[in-house]
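Now for the letters of each chain:
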Amino acid sequence: MLATRPRGQAIMKWNPNPEPDPDPLSPDPNPLPSPKPPIPNPPPYPNPPVRPPIPQLVGWTHRRGTASHALLLCLAVLMVLAVLIATPVAAGPVSVRFSEGVTHGFLLVRSLAGDIVGHGEITQMVSEGDLLESQLVFRFKDGSLHDEKVAFSQQRVFTLITYRLVQRGPSFPEQLDVSIDRGSAQYMVRSQRGTQGKEDVQSGQFDLPKDVYNGMLIMVSKNLPKGADETVSVLAFTPAPQVVPVQLHAIEEQSIQLGDRSGKATQFVFTPQLGMIQEWLGTITGKLPAEFHYDCWIMVDGIPSFVQYEGPLQLLGPILRIELVSPRLHAKADEKNVSLK
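For clarity, every value in this text was computed on a predicted model and none was experimentally measured.

Cut-offs used in this document
- Residues numbered from 1 in each chain as written.
- Predicted model: local features only at pLDDT ≥ 70, side-chain atom pairs only at ≥ 80, totals over all residues.
- Heavy atoms only, no water.
- Helix = DSSP H or I, 4+ residues; strand = E, 2+ residues; numbered from the N terminus.
- Buried < 20%, exposed > 50% of the residue type's maximum accessible area, 1.4 Å probe, protein only.
- Contact = heavy atoms within 4.5 Å.
- Patch = residues over 30% accessible without salt bridge, like charges linked within 9 Å, V, L, I, M, F, W, Y side chains within 5 Å.
- Areas by Shrake-Rupley, 256 points an atom, 1.4 Å probe, with all protein chains shown as cover.
- Salt bridge = Lys/Arg side-chain N within 4 Å of Asp/Glu carboxyl O.
- Phe/Tyr/Trp six-rings, centres within 6.5 Å; stacked < 30°, edge-to-face > 60°.
- Pairing = 2+ DSSP bridges.

**With respect to the environment of Ser-203**
And then number 1: With respect to the helices, strands and loops of the structure, Ser-203 is situated in strand β8 (residues 199–205).
And then number 2: Residue Ser-203 is classed as exposed on the basis of its relative accessible area of 54%.
And then number 3: Linking Ser-203 and Met-188, residues 15 residues apart in sequence, is a C-alpha distance of 4.3 Å.
And then number 4: Ignoring anything within four residues of it in the chain, the contact list for Ser-203 reads Tyr-187 and Met-188.

See below:
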């Protein structure tokens, strides 16, 4: 049988006198040319490459025309707003510059028209170690009650440990009873719309950030360096707790009267940072007031001292003016007769 060669295969011929292999140490008879030295300062590429457009996007926009550009613009705006909402505001615990101690003070609650609508009392005492307990109570002429208790520590920085707030009566659009504990992370919220609404109860776990200062904004403002601003956090119960950054902004000094002499007090504005969407939706739906800020005046020279607060005690509540009041003795009958002469 004859062997056949596959089509396309080269025919190998035998050479009886093959040439010897070249000496590996001998110079190459056909050396490669040496590479050219690099150009020291090459000119810019005359025709830089152009990135090709994404076919799907370009084709889609070309087909859709003006409507597609408008839609892309709306998507871009929504993405920017989402970033504004999601970006947290830098906040941190406030350092202790003036330690708190035993306190017992009296307050007067007025409407913006100047009418007395209630009286207040604040007490503060050391509980154990460096733990302090502070209680602020307002009793209104219409029978409403504001009772706020906060326990905090002051080791280098102020730290809220427990918080309890009770607000009930016609002065408050929402009846509230809230509490939260840093140690157990437990919170409880009892809320009721108006005095005749259905009560809603919620509870659960919530880890308190280190810079939460419910019931302590005036206290931490007194510990800021003169003229300094700070951003801290408070909890908003909606009814579940939500962290809301609040900017403490010192804006200007105002003259105050101290008996027969005058002094200076710094005005602070407390501005919650709710994000553009939440603030806009709240204003539209009536869940937030149009002007959402609170004012406080503090004497900051030397040892700081509270002067006056102006703002609501509840989000949709009336704007109130709260100021210090000093106890006075009632004049005796003979003293009254002397004063009339």
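**With respect to a nonpolar patch on the surface**
And then number 1: Taken together, the side chains of Val-102, Met-125 and Val-126 make up a nonpolar region of the molecular surface, amounting to roughly 310 Å² of accessible area.
And then number 2: With respect to the helices and strands, Met-125 occurs in strand β2 (residues 116–128).
And then number 3: Owing to a relative accessible area of 52%, Met-125 belongs among the exposed residues under this scheme.

**Quick notes on the pattern of salt bridges**
And then number 1: Scanning all chains against the criterion turns up 7 salt bridges.
And then number 2: Between Lys-226 and Asp-301 there is a salt bridge; the shortest N-O distance is 3.0 Å. Of this pair, Lys-226 sits in the loop between α3 (217–222) and β9 (230–237) while Asp-301 sits in the loop between β12 (294–299) and β13 (305–311), and the two are 75 residues apart along the sequence.
And then number 3: Connected via shared salt-bridge partners are Lys-226, Glu-253 and Asp-301.

**Focus: the packing of aromatic side chains**
And then number 1: For the structure on display, the rule yields 2 aromatic pairs.
And then number 2: Between the aromatic rings of Phe-140 and Phe-172, the centroid separation amounts to 5.9 Å while the plane-to-plane angle is 90°, which identifies the pairing as edge-to-face. One end of the pair, Phe-140, is in strand β3 (residues 131–140); the other, Phe-172, is in the loop between β5 (157–168) and β6 (174–181), and 32 residues separate them in sequence. Assigned by exposure class, Phe-140 and Phe-172 land together as buried.
And then number 3: Judged by centre distance (6.2 Å) and plane angle (55°), the rings of Phe-152 and Phe-158 are tilted.

**What about the pairing of β9?**
Consecutive side chains along a regular strand alternate between the two faces of the sheet.
And then number 1: Most of β9 sits out of view: 6 of its 8 residues are buried.
And then number 2: Pairing analysis gives 8 bridges linking β9 to strand β10 (residues 241–258), with the strands arranged antiparallel. Bridge pairing links Val-234 to Val-244 in β10.
And then number 3: As consecutive antiparallel partners, β9 and β10 are separated by 3 residues.

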